[in-house]
Each structure stands twice: as structure tokens, then as C-alpha cells.
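What follows is each chain in one-letter form.
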Amino acid sequence: MLEIAGKEEVAEGVVALNLVHPAGARLPDWTPGTHIELVLPQGMIRHYSLCGNRWDAYTYRIAVLREPRGRGGSAFVHDALRPGDRVGVGGPRNHFPLAPSEKYLFIAGGIGITPLLPMIHQAELLGTEWQLLYGGRARASMAFAGELSAGYGERVHIVPQDDCGLLDLASWLGTPRPDTKVYCCGPAPLLAAVAAACADWPPYALRTERFAAAGQAAPVRDTPFEVALRRTGRVVTVAPGTSVLEAVRRAGVEVLSSCEQGTCGTCLTPVLEGRPDHRDSVLADHQRAANDCMFPCVSRSCDDRLVLDL
Ligand code: FES
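As the structure is a prediction and not an experimental result, all values here were calculated from the model.

Some details on the packing of aromatic side chains
For step 1, the next point in the chain: With the rule as written, the count across this model stands at six aromatic pairs.
For step 2, the next point in the chain: Geometrically, the ring pair formed by Phe96 and Tyr183 is tilted, given 5.6 Å between the ring centres and 55° between the ring planes. Taken together, the positions of Phe96 in the loop between strand 6 (86-94) and strand 7 (103-109) and Tyr183 in strand 10 (residues 180-186) put the pair 87 residues apart, joining distant regions of the chain.
For step 3, the next point in the chain: Aromatic side chains Phe106 and Tyr183 sit 6.3 Å apart centroid to centroid with 50° between the ring planes, which places their arrangement in the tilted category.

So this is what it looks like as C-alpha cells:
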């Protein structure tokens, strides 16, 4: 449990929370790209990127966008959580780490700015050249836009859609730059557009973190398969239409989950045998090819049998 030490509105529809240990203890270290999970009432678990100062060992800072069409997690954070309240916290976990590079191009869409803030601070600390392209619906809704512009001047390009239209990805990404890594976080259409614009860039030049699951092809197989749980000694059958996570839970084995859409990385599970049919939006291609882990909330099996370290 962590305590809400501060809550402030940082843009239209966005509140930032500072979380501390109730006894003032240090919090686990983290690196840019890390998220934590908030455990909210009725079993709601929501993941939020840490966007504060990673060298402050006593405070986690997150920013939460109110999602009117969401399932209630962001509304609870906005309307019910108050300074002094305590909330369950999972993590920290990092599925979006900042790899070394000569230069960085950061691309944010809306609240997707949050994981990029610590990356920008890290790039500054290392003296690495970077630029930020930050798009949003309207300037007033773009969290941290003012402080980014004020702090970093011309390296920050703020593009409110109501004034300037969509991000001009063709001119930013049209020519591949072998010395630059592109880090992008935002809604699915932005990630798809950036991925398309980076098609000719070197492999792994683009790293993304998505909030919603990518569109998926049909599963590799439409017949049941068996999942053996090595540590608990159970064997479960996963029928079409049932997720591995559901089948494992029905067998009484608990696996921590959050998004259940293959986007947050919470349910990461080691694979001991077999080939998963990866259907998440977290792993990079080379990580998928290793077949040594999977996200059972969405991923399935290519073979008749998978063996998991559960
Ligand atoms: Fe989020 Fe599985 S619960 S990836």
C-alpha cells in the first residue's frame, strides 16, 4: 500500500498523483519506461507510467487521464482518491526500456507523454541529442506541454490538433536515420501511423508502448490445447474462446493481471516448453521468437501442448 501524498490537475482531464510509503520508506528503484499498477476497488487494476524523478527514491509520480468511456478506473482516481488515502500498488515493471542510442526522437500522443518524460530527463543527463514531437487534441489537454516547452525550447515540438492538425510524420520519419531510436507512446492509430512511417528504418529503431491492443489476426489454431503448469503439477485444457489466463485460474492457480488485453505486461509468464501463439502488444519480434515467455491473458499455443512455469 502506498499513500497519496499529493494530487493536482496538470491539464484538462489529467491529474497527477504523488505516491509515498506510509512510513516514509524508500521505494523500489525504477528506470525510464517503467509502470506501476494501482489496485482499485472491485478488483480494478490499472497501470500507469512513472513520470516523475527516478532519482527521488521516496516518491512515485503518475498522471491519469480521465477516460469517459473507460471501465471506471480513471474516474475513481479522479473523483474518489484524495491525499492521505492509501492504495494498493503493484510493480514497478518496465516493458518499455530506453536502449542506448546516439540520438532519440520521442513521439507522444496525449497522455502517452508520461513514459517519455523520464526518458527525456535521462537523455539530458547523458548529454544525448533528442527531440520531442508531442501531439494532442488541444493545448489545454496536453499534460506537461508548458513545462517541456519552457525547459527545453526548440527541441520540443508541441502540435495541438485543433490548431495545427495531425503530426507531420512524413517529414519527421520519411528519411531513416541510422543513428536515431524512435520512442513512441500514444493511442493505437498514432502507433500504427508511426510504425508505417518507420517501415524502412533499421530493425528495432522504433520502440512503442500502446494503451490499447493492436488489431490481431485469427489465432494460429482453433482447436483446444493443453497447458501443463510445472510448479503446481496441474494440467488444464484451453478451449477456443477461453483464454489461457481464465483456464489457469479455473484450475485454482492465481496469476496477477491488469489490462487483460496484452498491453500492460503484468501477466508475463515464463514458457518452459512449446511455442506460444503471441497475441500481445508488448514483446518485440526477437523476444517473440525466443518462445521463453508469454502473456496468458491473450496469447495462446501453436502446438498441442505448452508448459508454463506456474
Ligand atoms: Fe496486461 Fe496480460 S494482463 S498483458
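Additional details are given in the paragraphs that follow.
Some words on the environment of Ser299
For step 1, the next point in the chain: Within the secondary structure, Ser299 sits in the loop between strand 16 (293-294) and strand 17 (300-301).
For step 2, the next point in the chain: Given the relative accessible area of 1%, Ser299 is considered buried.
For step 3, the next point in the chain: The sequence separation of Ser299 and His278 amounts to 21 residues, and the corresponding C-alpha distance is 4.8 Å.
For step 4, the next point in the chain: A polar contact of 2.9 Å, which involves the side chain of Ser299, links it to the backbone nitrogen of Arg279.

Quick word on helix 3 (residues 145-152)
For step 1, the next point in the chain: When we look at burial in helix 3, the residues that qualify are Ala145, Leu148 and Tyr152. Projected down its long axis, helix 3 carries its buried residues within an arc of 70°, all on one side. Facing away from the buried surface of helix 3 by more than 90 degrees, the exposed residues are Glu147, Ala150 and Gly151.
For step 2, the next point in the chain: On its buried face, helix 3 sits against helix 2 (113-126), strand 8 (129-136) and strand 9 (156-160).
For step 3, the next point in the chain: One or two positions beyond helix 3, positive phi appears at Gly153, with a value near 55°.

Points about the sheet that holds strand 3 (residues 34-39)
For step 1, the next point in the chain: One open sheet accounts for six strands, arranged 4-3-6-1-2-5; its pairing is antiparallel. With one partner strand each, in any of the chains shown, strand 4 (45-49) and strand 5 (60-65) form the two edges of the open sheet. Strand-to-strand twist across the sheet, computed as the mean angle between neighbouring axes with direction ignored, equals 35°.
For step 2, the next point in the chain: For strand 1 (residues 2-11) and strand 6, the ladder comprises two bridges, and the chain directions are antiparallel. Counterpart to Glu3 in the pairing with strand 6 is Arg86.

The rules behind these values
- Residues numbered from 1 in each chain as written.
- Predicted model: local features only at pLDDT ≥ 70, side-chain atom pairs only at ≥ 80, totals over all residues.
- Heavy atoms only, no water.
- Phe/Tyr/Trp six-rings, centres within 6.5 Å; stacked < 30°, edge-to-face > 60°.
- Helix = DSSP H or I, 4+ residues; strand = E, 2+ residues; numbered from the N terminus.
- Buried < 20%, exposed > 50% of the residue type's maximum accessible area, 1.4 Å probe, protein only.
- Polar contact = N/O pair within 3.5 Å; in protein donor to acceptor, adjacent residues only side chain to side chain.
- Arc of directions from axis to C-beta.
- Contact = heavy atoms within 4.5 Å.
- Pairing = 2+ DSSP bridges.
- Axes fitted to C-alpha atoms, helices over the stretch in contact; angles between N-to-C directions.

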